[in-house]
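Residue strings, one per chain:
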Amino acid sequence: MVALPLRLGTRGSPLALTQARMVRAALCAAHGWPDDAVIIVPVSTSGDRIQDRALAEVGGKALWTKELDRALCERSIDLAVHSMKDVETVRPVEIAIAAVLPRADVRDRLIGAPSFDALRKGAVVGTSAPRRAAQLLRMRPDFRIVLFRGNVGTRLAKLEVGEADATLLAAAGLERLGRDDVGSPIPVDMMLPAPAQGAVGVEVRAEDAAVRDAVSAINHHPTRQAVRTERALLYALGADCRSPVAALATMEGGGIRLRAEILTNDGSLHLAREATLAAPEDAASLAADMLAEAPAPLRSLFAA
Ligand SMILES: NCc1[nH]cc(CCC(=O)O)c1CC(=O)O
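- Within an unreviewed UniProt entry, the label attached to the protein reads Porphobilinogen deaminase, and the organism entered is Sphingomonas jejuensis.
- Regarding the protein, the UniProt comment filed under Catalytic activity (unreviewed entry) reads as follows: "4 porphobilinogen + H2O = hydroxymethylbilane + 4 NH4(+)".
- Database annotation for the protein, UniProt heading Subunit (unreviewed entry): "Monomer."

Here it is, written out as structure tokens:
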């Protein structure tokens with residue numbers, strides 16, 4: 001039996017807190033616990049504090065996880081909730097992903113214009129994601145990309161005051177914040193999402209068998225497999241948060257369909273492939289094929 005209450009660590013942004021409440025609700029429903037069996041503990045991360053530079057420049061995804069990792073290892077929390085999109089592919093051995101919630105809408109939404117075609121020549125698009133910038137420039141080399149950081153609310157406010165003509169945000173985050181009224185979803189064939197977009201994960205101390213078991217009750221296996229596959233591709237590419245990579249795995253008839261795309265930052269070179277895999281680890285062979293086929297300037301962006 002697991003000792004209650006469980007302390008669930010999270011970033012303090014409105015989206016992170018919403019996701020923490022989703023995890024709490026799922027755990028309490030699965031085990032018949034009262035709401036106060038899970039205490040939400042907001043932890044401030046470097047990623048939340050640094051707002052003026054692209055994360056890729058200042059230390060990458062670890063900025064979102066470092067403080068929560070430490071709190072977990074120091075036992076000041078028992079669980080940590082993350083947007084899996086923001087979690088590095090290699091995790092500390094002391095930490096295990098115990099559950100992934102059912103995936104939300106994986107698409108990006110375009111906000112500020114009904115479609116890309118509707119945006120004028122030279123339109124300014126705000127984003128800080130290398131993937132989104134590269135995909136936008138591939139489609140529309142005339143776009144001017146400006147750095148847009150901060151949480152979802154901040155980015156919408158920047159758009160509101162005219163810092164850009166349009167921006168892209170994950171449908172999943174907007175929906176969770178009750179803002180799915182803004183923008184329009186972009187089909188995945190037009191814009192393949194980031195690896196693990198739309199998936200929320202729960203991490204625990206690897207040695208904490210009782211907590212790990214309790215949390216595994218809320219794991220959604222198909223989402224977990226998809227996230228594993230997309231993260232295995234990232235790992236095999238030697239990609240980090242600076243690398244423009246898109247990937248989407250879907251479970252189809254016992255197999256895993258993996259679509260993947262790599263691009264140069266200016267979108268001038270890109271390679272898209274898809275494969276049906278028997279297991280998540282097989283993503284490594286698709287990654288190897290892609291690197292073998294990629295022209296040198298594209299291949300050189302990856303460390304593999
Ligand atoms: N990089 C920030 C981030 N991390 C996860 C989400 C959205 C939620 C999700 O993908 O699960 C967002 C915001 C965005 O990209 O619009």
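More follows now that the structure is in view.
**Looking at the overall build of the protein**
Link 1 in the chain: Counting its secondary structure elements, the protein contains 11 helices and 13 strands.
Link 2 in the chain: For the protein, the C-alpha radius of gyration of 19 Å lies close to 19 Å, the compact-globule estimate for 304 residues.
Link 3 in the chain: The principal-axis extent of the C-alpha atoms belonging to the protein is close to 60 × 45 × 35 Å.
Link 4 in the chain: Considering only intrachain contacts with a sequence separation of at least 6, the fraction spanning at least 24 residues in the protein is 71%.

**Let's talk about the site of the ligand**
Link 1 in the chain: In the region of the ligand, the neighbouring residues are Ser83, Lys85, Asp86, Val152, Leu169, Ala170, Ala172, Gly173, Gln197, Gly198 and Ala199.
Link 2 in the chain: Only strand E8 (166-170) and helix H7 (171-176) provide two or more residues apiece to the shell around the ligand.
Link 3 in the chain: Split into classes, the residues belonging to the shell around the ligand amount to five nonpolar, four polar and two charged.
Link 4 in the chain: In terms of domain composition, the shell around the ligand takes at least three residues from each of domain 1 (6-101 + 199-219) and domain 2 (108-185).

**Topic: unusual backbone geometry**
Link 1 in the chain: With an omega of 0°, the peptide bond between Leu4 and Pro5 qualifies as cis.
Link 2 in the chain: Here Pro5 shows up in the segment before strand E1 (6-10).
Link 3 in the chain: Despite not being glycine, Arg75 shows a phi value in the positive range, around 65°.
Link 4 in the chain: Within the secondary structure layout, Arg75 lies in the loop between helix H4 (62-73) and strand E3 (79-83).
Link 5 in the chain: Even without a glycine there, the phi angle at Ala196 is positive, about 70°.
Link 6 in the chain: Looking at the secondary structure, you find Ala196 in the loop between strand E9 (184-185) and strand E10 (200-205).

**Overview of the UniProt feature "domain: Porphobilinogen deaminase C-terminal" (unreviewed entry) in the protein**
Link 1 in the chain: The sites that UniProt annotates as "domain: Porphobilinogen deaminase C-terminal" (unreviewed entry) are residues 226-288.
Link 2 in the chain: With 29% helix and 40% strand, residues 226-288 has end C-alpha atoms that lie 19 Å from one another.

**A few points about the nonpolar core**
Link 1 in the chain: Of all hydrophobic cores here, the largest spans 76 residues; its most connected members are Val23, Val215, Leu233, Ala247 and Leu258.
Link 2 in the chain: Here this core takes seven residues from helix H9 (residues 221-237), the largest share from any one element.
Link 3 in the chain: Each residue touching Ala247, except ones within four places of it in the same chain, is listed here: Leu192, Pro195, Glu230, Leu233, Leu258, Arg259 and Ala260.

**Some words on the environment of Arg257**
Link 1 in the chain: Here Arg257 is to be found in strand E12 (residues 255-263).
Link 2 in the chain: A C-alpha to C-alpha distance of 33 Å links Arg257 and His31, two positions 226 residues apart in sequence.
Link 3 in the chain: In this structure, Arg257 is in contact with Ala249, Thr250, Glu252, Glu274 and Thr276, ignoring residues within four places of it in sequence.

**Points about the environment of Val87**
Link 1 in the chain: Secondary-structure assignment places Val87 in the loop between E3 and strand E4 (95-100).
Link 2 in the chain: Taking the number of C-beta atoms within 10 Å as the measure of exposure, Val87 has 23 and is therefore buried.
Link 3 in the chain: In the structure, Val87 is positioned 24 residues away from Leu63 in sequence and 9.5 Å away in space, judged by C-alpha atoms.

**Digging into the sheet that holds E1**
Link 1 in the chain: Reading across the sheet, the five strands line up as E2-E1-E3-E10-E4 and stay open at both edges, with mixed pairing between neighbours. Of all the strands in the sheet, the pair left with one neighbour each is strand E2 (38-42) and E4. When the angles between neighbouring strand axes are averaged without regard to direction, this sheet yields 30°.
Link 2 in the chain: Two strands pair when backbone bridges link them, and E1 and E3 are joined in this way by two bridges, in the parallel orientation. Across the sheet, the residue bridging to Gly9 is Ala80, located in E3.
Link 3 in the chain: This element, helix H8 (residues 209-216), spans E1, E3, E4 and E10 of the sheet and lies at about 20° to E4.

**Notes on the pairing of E1**
As a general feature of sheets, a regular strand has side chains that alternate between the two faces.
Link 1 in the chain: Here E1 pairs with E2 via five bridges, running parallel. Along E2, the bridge assignment pairs Leu6 with Val38.

**A word on helix H5 (residues 130-139)**
Residues lying three or four places apart along an α-helix face the same way, a consequence of the helix completing one turn every 3.6 residues.
Link 1 in the chain: Here H5 lies mainly inside the structure; eight of its 10 residues are buried.
Link 2 in the chain: Residues of H5 that are buried include every one of Pro130, Arg131, Arg132, Ala133, Ala134, Gln135, Leu136 and Leu137, and no others.

**Examining the domain arrangement of the protein**
Link 1 in the chain: Taken domain by domain, the protein consists of domain 1 (6-101 + 199-219), domain 2 (108-185) and domain 3 (231-299).
Link 2 in the chain: Taken together, the contacts link eight residues of domain 2 with 11 residues of domain 3.

**Quick word on the sheet that holds E12**
Link 1 in the chain: Pairing is antiparallel across the open sheet formed by three strands, whose spatial order is E11-E12-E13. One side of each edge strand has no neighbouring strand; the edge strands of this open sheet are strand E11 (245-252) and strand E13 (270-277). Across the sheet, the mean angle from the axis of one strand to that of its neighbour is 10°, orientation sign disregarded.
Link 2 in the chain: By the bridge criterion, eight bridges tie E12 to E13 in an arrangement that is antiparallel. Bridged to Ala260 within E13 is Arg273.

The rules behind these values
Every chain's residues receive numbers from 1 upward, in the order its sequence appears when written. Totals for whole chains, interfaces and linings use every residue, but because this is a predicted model, local features are given only for residues with pLDDT of at least 70 and side-chain atom pairs only at 80 or more, for both listing and counting. UniProt positions are given in the numbering used here, feature names are shortened, and annotations may be inferred rather than shown by experiment. Put simply, DSSP H or I for four residues or longer makes a helix, DSSP E for two residues or longer makes a strand, and each gets a number counted from the N terminus. As defined in this context, the radius of gyration uses C-alpha atoms, and a globule is described by 2.2 Å times the residue total to the power 0.38. Note on contacts: residues are paired as contacts if their backbone-placed C-beta atoms lie within 7 Å. Throughout this description, a residue near a molecule or strand is one whose C-beta atom, derived from the backbone, lies within 6 Å of it. Each residue gets one of three labels, nonpolar for Ala, Val, Leu, Ile, Met, Phe, Trp, Tyr, Cys and Pro, charged for Asp, Glu, Lys and Arg, and polar for the others, Gly among them. For the domains described, the bounds stem from an automatic or database domain assignment. A set of buried Ala, Val, Leu, Ile, Met, Phe, Trp, Tyr and Cys residues, joined through C-beta atoms within 7 Å, is what we mean by a nonpolar core. Around each residue's C-beta, the other C-beta atoms within 10 Å are counted; 20 or more make the residue buried, 12 or fewer make it exposed, and counts in between make it partly exposed. All C-beta atoms are placed from the backbone. Between any two strands, at least two bridges found by DSSP are needed for them to pair. Between N-to-C directions, angles span 0 to 180 degrees; the directions come from axes that are lines fitted to C-alpha atoms, helices contributing only their stretch in contact.

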